[in-house]
Amino acid sequence: MQIKVKVNGVDYTHEVEPRLLLVHYLREVLHLTGTHVGCDTSICGACTVQVNSKPTKSCTMFAVQADGCEILTVEGLAPNGEMHVLQEGFKEMHGLQCGFCTPGILMTMTDFLKNNPDPSEEDIRHALKGHLCRCTGYQNIVKAVQYAAAKIANREEVPA
């Protein structure tokens, strides 16, 4: 089947098998390997991308279902090589260790911050449901999101 998608601002047209998952289309056809394959069951969240501006677990969506959609992957967060404020937060607040879960969390949290510019810690932790991180214990991930929220709002009180 032929699909037409816009990924990170670039239009693509490809013939794909109807059973090809979106995560495999992104990784194997477009060679955008920032989207990770974790569990293939939608539990871990490592494969999260944004489809039409909504966080979507790409291991549960066929590429043909994305026909006509706009997709944003973690590579699209820094199109000019300058880190997104949330990526900066992860760097500054040590929000990652192995980094495997990070792309999916970034894609969910960028959408979350658009809709919740001044989130509480509880709000952030609730938004992280659906993402598994086996390394960090989430505390520094929460701090990274708080850092980004403060920077977006031009507040100076970033978490310590």
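Shown above is the structure to which this text applies.
So, how was this worked out
- Residues numbered from 1 in each chain as written.
- Predicted model: local features only at pLDDT ≥ 70, side-chain atom pairs only at ≥ 80, totals over all residues.
- Heavy atoms only, no water.
- Pairing = 2+ DSSP bridges.
- Helix = DSSP H or I, 4+ residues; strand = E, 2+ residues; numbered from the N terminus.
- Axes fitted to C-alpha atoms, helices over the stretch in contact; angles between N-to-C directions.
- Contact = heavy atoms within 4.5 Å.
- Parallel < 35°, antiparallel > 145°, perpendicular 65-115°, else oblique.
- Left-handed = near helix turned anticlockwise from the far one by under 90°.
- Nonpolar A, V, L, I, M, F, W, Y, C, P; charged D, E, K, R; others polar.
- Salt bridge = Lys/Arg side-chain N within 4 Å of Asp/Glu carboxyl O.
- Buried < 20%, exposed > 50% of the residue type's maximum accessible area, 1.4 Å probe, protein only.
- Core = buried A, V, L, I, M, F, W, Y, C linked by side-chain atoms within 4.5 Å.

Student: Before we move on, could you go through the sheet that holds strand β3 (residues 48–51) and cite the residues and values that matter?
Tutor: Spatially, five strands are ordered β2-β1-β5-β3-β4 in an open sheet, and the strand pairing comes out mixed. Of all the strands in the sheet, the pair left with one neighbour each is β2 (10–15) and β4 (54–57). With strand direction ignored, the average angle separating the axes of adjacent strands in the sheet is 40 degrees. Sheet topology places β3 next to strand β5 (residues 70–72); two bridges connect them, and they run antiparallel. Within β5, the position partnered with Val51 by the bridge is Ile71. The strands touched by helix α3 (residues 102–115) within the sheet are β3, β4 and β5, with β3 carrying the most contacts at an inclination of about 40 degrees.

Student: Lay out the packing of helix α2 (residues 85–92) against helix α5 (residues 139–152) in plain terms, naming residues and giving numbers.
Tutor: For the pair α2 and α5, the least separation of the axes is 8 Å and the interaxial angle reads 135 degrees. Taken together, α2 and α5 sit at an angle that is classed as oblique. When you trace α2 past α5, the crossing you get is right-handed. Along its contact with α2, which presents Val85, Leu86, Glu88, Gly89, Phe90 and Glu92, the element α5 presents Ile141, Ala144, Val145, Tyr147, Ala148, Lys151 and Ile152. Among the residues making up the contact of α2 with α5, the classes are represented as nine nonpolar, one polar and three charged.

Student: I'd like a rundown of unusual backbone geometry, residues and numbers included.
Tutor: Its identity as a non-glycine residue notwithstanding, Ser42 has a phi of 75 degrees, on the positive side. Note that Ser42 resides in the loop between α1 (22–29) and β3. Of note in the backbone geometry, Ser53 takes a positive phi value of approximately 70 degrees without being a glycine. By secondary structure assignment, the location of Ser53 is in the loop between β3 and β4.

Student: Could you give an account of the pattern of salt bridges, with specific residues and numbers?
Tutor: Tallied over the full model, the rule gives three salt bridges. Arg125 serves as the salt-bridge partner of Glu121, at 3.0 Å between the closest nitrogen and oxygen. Taken together, the residues span about one helical turn, with Glu121 and Arg125 both in helix α4 (residues 121–127) at a distance of four residues. With a relative accessible area of 36%, Glu121 lands in the partly exposed category. The class for Arg125 is partly exposed, based on a relative accessible area of 31%.

Student: Mind laying out the nonpolar core, listing which residues take part and the relevant values?
Tutor: Leu86 and Met109 are the most contacted members of the largest nonpolar core, which has 24 residues in total. Within the residue set of this core, elements represented by two or more residues are α2, α3, α4 and α5. The element that contributes the greatest number of residues to this core is α5, accounting for seven residues. Once residues lying within four places of it in the same chain are set aside, the contact partners of Met109 are Leu86, Ile124, Ala127, Leu128 and Val145. Counting residues in hydrophobic clusters, the runner-up holds 17 residues, among them Val16, Leu22, Ala66 and Cys69.

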